Amino acid sequence: MDNKDKLAEIKEKKEEWEEKALLPAAKRFGIEKRPTEFHTPLDIPDFDFLRDVGFPGQYPLTAASYPVNLVPRLEKGAKPGGLRRAGTYSGYGTPEDTRDYYRLMAKLMYTGGPNLALDLPTQCGYDSDNEIVEGEIGKVGVAVDTLRDFEVIFEAFTGNLDLDKIATNMTINAPANILVAMYVALAEKRGISLAKLKGTPQNDILKEFISRGTYIFPPRPSMRMFRDSLVFFTESLPAMNINGFGGAHIREGGATREQELAFTMANGIAYLQEGINAGLNIDAFAPRFSFVGFGGSMEFFKEIAFHRASRRMWAKILKERFGAKKSESMRIRSQYTAYSGISTTTKQRALNNLTRSVIGAVAGVLSGGPPLAFPPYDEPLGLGWSLEARQLAEDATRILMYETGMCDVLDPLAGSYYVESLTNEIEEAAWKELEKVEGIGGSVAAIENGYMQRSIAKSAAERQSRIEKREDIIVGVNCFTEEYELDVTTSKMVEHPYSEEKRYDAEKKQKANLAEVKRTRNNREVTRLLGELERAAKKDDENLMPLFVNLAREYATLQEQCDVLRGVFGEWQMDSFV
């Protein structure tokens, strides 16, 4: 019997099963619609293993980005992942506060480099002494105004934790080039070769316009800034990632799974094209693109299929559109695969978030990556709220890694009728949405006319409506909320080092620090270099990165540089597309 006849037989038997078994059972229990799906070869009639899945680490990368799933050796201080990476997203208050926090974490064996959370004034290009940002200094991250602040933060990273022995991540976008320049200047002062610097600036400005909001300049000059960093990194910082882009913020902003994938791919295309436009070979820079990660949800199988689809889609774009030859150029490089998502965590009965994270971690290993139980259960209570939550999350990851044997196999659902058909379905929907964006003119044009922003806003409203109507169930939020339900908590064993007194004093101290820098630096040289920056910014073909490094060396402030660029590039307003 050939395949066509076999599929016909399966179709006939399936219809018979539905009529004689499924529907009577549903009727018996008063269920109007089919309660359970069952998938067969009919869902993937043209399935070709080598074309559609392939082997882990090889094109089309559906199974996994790498041929192995890294599990760290059992030794003191071993952390999930097994690579030299930056640590947990962290930072607050003054540079001194954040330095002291990292010193404390090192004593507790959290020895990765910093993964810096910056306060909103820093992210938006304002100095701590600007009245417009009063009350925001050090509130959602550490304040960074000048090179002096990096010098203080990185006092926690010396000796066997010096800059050439760690990776440093920075969640910074619009002024990313300026902060990277400070890091370069710091390395120079320490006599460390730039070729040895590792880390990742987020440097994903397009998603700021789409969902997150910490943009400064309009999209097109912002992409010029990205191009400058891409070229500078490729030529001078070969071990640094150019960016850490992705769709997590887009999904958290309200996008559907398919919108997130399409918009992320569109952004990636725009970033890659900047390198091509600068005259670089795709294989010279694409391997240094990294993904900060995608969004997640509690829809277990859909998240697994999403990541399989995303890897295949990215690989196709790099190979077929950009002509990449290296497999390193085609892979999605990310610490995370599937996980439960951030917005799925709830303040109500917060310890339930641990269960959600463990389910997400299982999805992670089944989708071709490590089983990372992320985020910690206290995510909705505040960044870095408790070490207890971190301990539970790490232990959950360790249990999945060392006790279950899950990491012994990659992509175990490959060939599943359901998962393969779902992977195809998600990818096809994302391609259709990407075609819409490309039809507008790509990500930049779709941002300028507001298509992406409006699409996400509509999806977010629809999602909220489903929650309010209890069409989407969230345990402890819109159901199972009776008074007899228990809100289980853990005991707090370690006090957070950032006290209320420090929070109150941070702004005053940082303003004093900045005033002292301005008093003691060579202000005449700063003024001269700012004039050079203004002249260079008006020339689209001039790379501004060397000037940013010169300005960092002279302790020019973040806002001084951003103000010069505001004068040349202008500022982007959210109502620009209305």
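Bear in mind the structure is a predicted one, so any value in this text is a computation, not a measurement.

1. Regarding the overall build of the protein chain
So, step 1. When you go through the protein chain residue by residue, the secondary structure sums to 22 helices and six strands.
So, step 2. On C-alpha atoms alone, the protein chain measures out to a radius of gyration of 25 Å, which is about the 25 Å that the 2.2 N^0.38 rule sets for 578 residues.
So, step 3. Classification of the 578 residues of the protein chain by burial places 53% in the buried group.
So, step 4. Within the protein chain, contacts between residues at least 6 apart in sequence are counted, and of these 77% link residues at least 24 apart.
So, step 5. Roughly 26,300 Å² of accessible area belongs to the protein chain as shown, and the carbon and sulfur atoms make up 51% of that amount.
So, step 6. Distance from the positive charge centre (74 side chains) to the negative charge centre (85 side chains) of the protein chain: 3 Å.

2. Some details on the nonpolar core
So, step 1. In this structure, Phe150 and Phe154 are the most contacted members of the largest nonpolar core, which totals 119 residues.
So, step 2. Grouped together as the second largest cluster of nonpolar side chains are 14 residues, Ala361, Ala363, Cys407 and Leu413 included.

3. What to know about the side chain of Thr346
So, step 1. Here Thr346 shows up in the loop between α13 (327–330) and α14 (352–366).
So, step 2. A residue is classified by how much of its surface remains accessible, and Thr346, at 6% relative accessible area, is buried.
So, step 3. Here Gln348 takes part through its backbone oxygen, which lies 2.7 Å from a polar atom of the side chain of Thr346.
So, step 4. Apart from residues lying up to four places away in sequence, Thr346 is in contact with Asn353, Arg356, Pro380, Ile474 and Val477.

4. Things to note about the packing of helix α10 (residues 257–277) against helix α12 (residues 300–321)
So, step 1. Where α10 meets α12, the closest approach of the two axes is 11 Å, and the angle between their N-to-C directions is 25°. Taken together, the axes of α10 and α12 lie roughly parallel to each other. Between α10 and α12 the crossing geometry is right-handed. Across from Arg257, Glu260, Leu261, Met265, Gly268, Ile269 and Leu272 in α10, the residues of α12 making contact are Lys302, Glu303, Phe306, Ala309, Ser310, Met313, Trp314, Ile317, Leu318 and Arg321.
So, step 2. Grouping the amino acids of the contact of α10 with α12 by side-chain chemistry returns ten nonpolar, two polar and five charged.

5. Overview of the packing of aromatic side chains
So, step 1. In total, this model carries 28 aromatic pairs according to the counting rule given.
So, step 2. With 5.2 Å between their ring centres and 85° between their planes, Phe291 and Trp314 make a pair best called edge-to-face. Of the two residues, Phe291 sits in strand β6 (residues 289–293) while Trp314 sits in helix α12, which places them 23 residues apart along the sequence. Here the two residues Phe291 and Trp314 agree in accessibility, since each one is buried.
So, step 3. For the pair Tyr336 and Tyr339, a centre-to-centre distance of 5.8 Å together with 35° between the ring planes defines the contact as tilted.
So, step 4. Assessed through its relative accessible area of 5%, Tyr339 is described here as buried.
So, step 5. Three or more aromatic residues link up through ring pairs in this structure, and these residues are Phe226, Phe245, Tyr271, Phe285, Phe289, Phe291, Phe294, Phe306 and Trp314.

6. Describing the pattern of salt bridges
So, step 1. What the rule picks out here adds up to 43 salt bridges.
So, step 2. A salt bridge links Asp100 to Arg103; the nearest nitrogen and oxygen atoms lie 3.9 Å apart. In this pair, Asp100 and Arg103 are both assigned in helix α3 (residues 95–107), three residues apart and thus about one turn of the helix distant.
So, step 3. Given a relative accessible area of 37%, Arg103 falls into the partly exposed group.
So, step 4. Each member of the salt-bridge network shares a partner with another, and the members are Arg251, Arg257, Glu260, Glu299, Lys302 and Glu303.

7. Some words on the environment of Asn478
So, step 1. Along the chain, Asn478 falls in the loop between α18 (451–468) and α19 (500–520).
So, step 2. Note: C-alpha distance between Asn478 and Leu381 (97 residues apart in sequence) is 19 Å.
So, step 3. Once residues within four sequence positions are removed from consideration, Asn478 is found in contact with Ile467, Arg470, Asp472 and Ile473.
So, step 4. Separated by 2.9 Å, the side chain of Asn478 and the backbone oxygen of Ile467 make a polar contact.
So, step 5. Reaching out from Asn478, the side chain makes a polar contact with the backbone oxygen of Asp472 at a distance of 2.8 Å.

8. Here we look at the pairing of β6
So, step 1. Of all five residues in β6, four are buried; the element is thus mostly enclosed.
So, step 2. As paired strands, strand β5 (residues 243–246) and β6 are joined by four bridges and run parallel to one another. Within the sheet, the bridge partner assigned to Asn243 lies in β6 and is Phe289.

9. Topic: the environment of Asp43
So, step 1. Mapping Asp43 onto the fold places it in the loop between α1 (3–28) and α2 (49–52).
So, step 2. Residues contacting Asp43, with those up to four places away along its chain left out, are Tyr417 and Ser421.
So, step 3. Polar side-chain contacts of Asp43 include one of 3.1 Å to the side chain of His39.

10. Considering the state of the cysteines
Here, the word disulfide means a covalent bond between the sulfur atoms of two cysteines.
So, step 1. Tallied over the entire structure, the rule returns zero disulfides.
So, step 2. Here Cys124 is not cross-linked by a disulfide; its sulfur's nearest cysteine counterpart is in Cys562, at 9.6 Å.

11. Quick word on α19
So, step 1. For α19, with 21 residues, the first-to-last C-alpha span of 31 Å sits near the 30 Å given by 1.5 Å per residue.
So, step 2. Considering bend angle alone, the principal kink of α19 is centred on Ala506 and spans about 40°.
So, step 3. Listed as buried for α19 are Asp505, Ala506, Glu507, Gln510, Asn513, Leu514 and Val517.
So, step 4. In this structure, the buried residues of α19 make contact with α3 and α5 (147–153).

12. Digging into a negative patch on the surface
So, step 1. Where like charges cluster on the molecular surface, the negative patch consists of Glu12, Glu15, Glu16 and Glu19.
So, step 2. By secondary structure assignment, the location of Glu16 is in helix α1.
So, step 3. Exposure remark for Glu16: the relative accessible area of 35% places this residue in the partly exposed category.

13. Some words on the side chain of Arg148
So, step 1. Looking at the secondary structure, you find Arg148 in helix α5.
So, step 2. If sequence neighbours within four positions are ignored, Arg148 has contacts with Pro95, Glu96, Gln510, Asn513, Val517 and Tyr555.

14. Remarks on a nonpolar patch on the surface
So, step 1. A surface patch of nonpolar side chains, about 380 Å² in accessible area, is lined by Phe47, Phe49, Leu50 and Phe55.
So, step 2. In this fold, Phe55 is placed in the loop between α2 and β1 (86–90).
So, step 3. Classification of Phe55 as partly exposed rests on a relative accessible area of 47%.

15. A few points about the environment of Leu434
So, step 1. Its place among the elements puts Leu434 in helix α16 (residues 417–440).
So, step 2. Placed 61 residues apart in sequence, Leu434 and Glu495 show a C-alpha to C-alpha distance of 47 Å.
So, step 3. Ignoring anything within four residues of it in the chain, the contact list for Leu434 reads Ala262, Met265, Ala266, Ile269, Met313 and Ile317.

Rules of the game
- In every chain, residue numbers begin from 1 and rise along the written sequence.
- Given that the model is predicted, a residue must reach a pLDDT of at least 70 before its local features are reported, and side-chain atom pairs must reach 80 or more before they are shown or counted; all residues, however, enter totals for whole chains, interfaces and linings.
- Remark: hydrogens and water are excluded; side-chain values derive from all non-hydrogen atoms of the structure.
- Each helix is a run of DSSP H or I of at least 4 residues and each strand a run of E of at least 2, with the numbering of both proceeding from the N terminus.
- Put simply, the radius of gyration uses C-alpha atoms, and a globule should come to 2.2 Å times the residue count raised to 0.38.
- Exposure is judged per residue with a 1.4 Å probe applied to protein chains only, and the accessible area is read against the type maximum: over 50% gives exposed, under 20% gives buried, and values in between give partly exposed.
- It only takes one pair of heavy atoms within 4.5 Å for two residues to be counted as in contact.
- The accessible surface values rely on the Shrake-Rupley method and a 1.4 Å probe; as for residues, cover is taken only from the protein chains in view.
- In this tally Asp and Glu are treated as negative and Lys and Arg as positive; neither His nor the chain ends contributes.
- Each charge is placed at NZ for Lys, CZ for Arg, CG for Asp and CD for Glu.
- Only buried residues count toward a nonpolar core, which is a set of Ala, Val, Leu, Ile, Met, Phe, Trp, Tyr and Cys residues joined through side-chain atoms within 4.5 Å.
- In the analysis that follows, any N or O atom pair within 3.5 Å is treated as a polar contact, provided that within protein one partner can donate a hydrogen and the other can accept it, and provided that, for residues neighboring in sequence, both atoms belong to side chains.
- Axis lines are fitted to C-alpha atoms, over the contacting stretch for helices. Their N-to-C directions set the angle, which ranges from 0 to 180 degrees.
- Each angle is binned into one of four classes, with values under 35 degrees roughly parallel, values over 145 roughly antiparallel, values of 65 to 115 roughly perpendicular, and all other values oblique.
- The handedness criterion is simple: a crossing whose near helix is rotated anticlockwise from the far helix by less than a right angle is left-handed, and one whose near helix is rotated clockwise is right-handed.
- Each residue receives one of three labels: charged for Asp, Glu, Lys and Arg, nonpolar for Ala, Val, Leu, Ile, Met, Phe, Trp, Tyr, Cys and Pro, and polar for the others, Gly being one of them.
- Classification of ring pairs rests on two measures: the distance between centres of Phe, Tyr or Trp rings, Trp counted by its six-membered ring, which must be within 6.5 Å, and the angle between planes, read as stacked under 30 degrees, edge-to-face over 60 and tilted in between.
- Throughout this description, the term salt bridge denotes a Lys or Arg side-chain nitrogen within 4 Å of a carboxyl oxygen of Asp or Glu.
- Two strands make a pair as long as DSSP finds a minimum of two bridges between them.
- Here, two cysteine sulfur atoms that lie within 2.5 Å of each other are counted as a disulfide.
- To estimate how far a helix should reach, multiply one less than its number of residues by 1.5 Å.
- Two axes are fitted around each residue, one to the seven residues ending there and one to the seven starting there, and the angle between them is reported as the bend at that residue.
- Patches here are clusters of residues that have more than 30% relative accessible area and form no salt bridge, with a 9 Å joining cutoff for like charges and a 5 Å cutoff for nonpolar side chains (Val, Leu, Ile, Met, Phe, Trp, Tyr).

Purely geometric stuff here, so don't read any function into it on its own.
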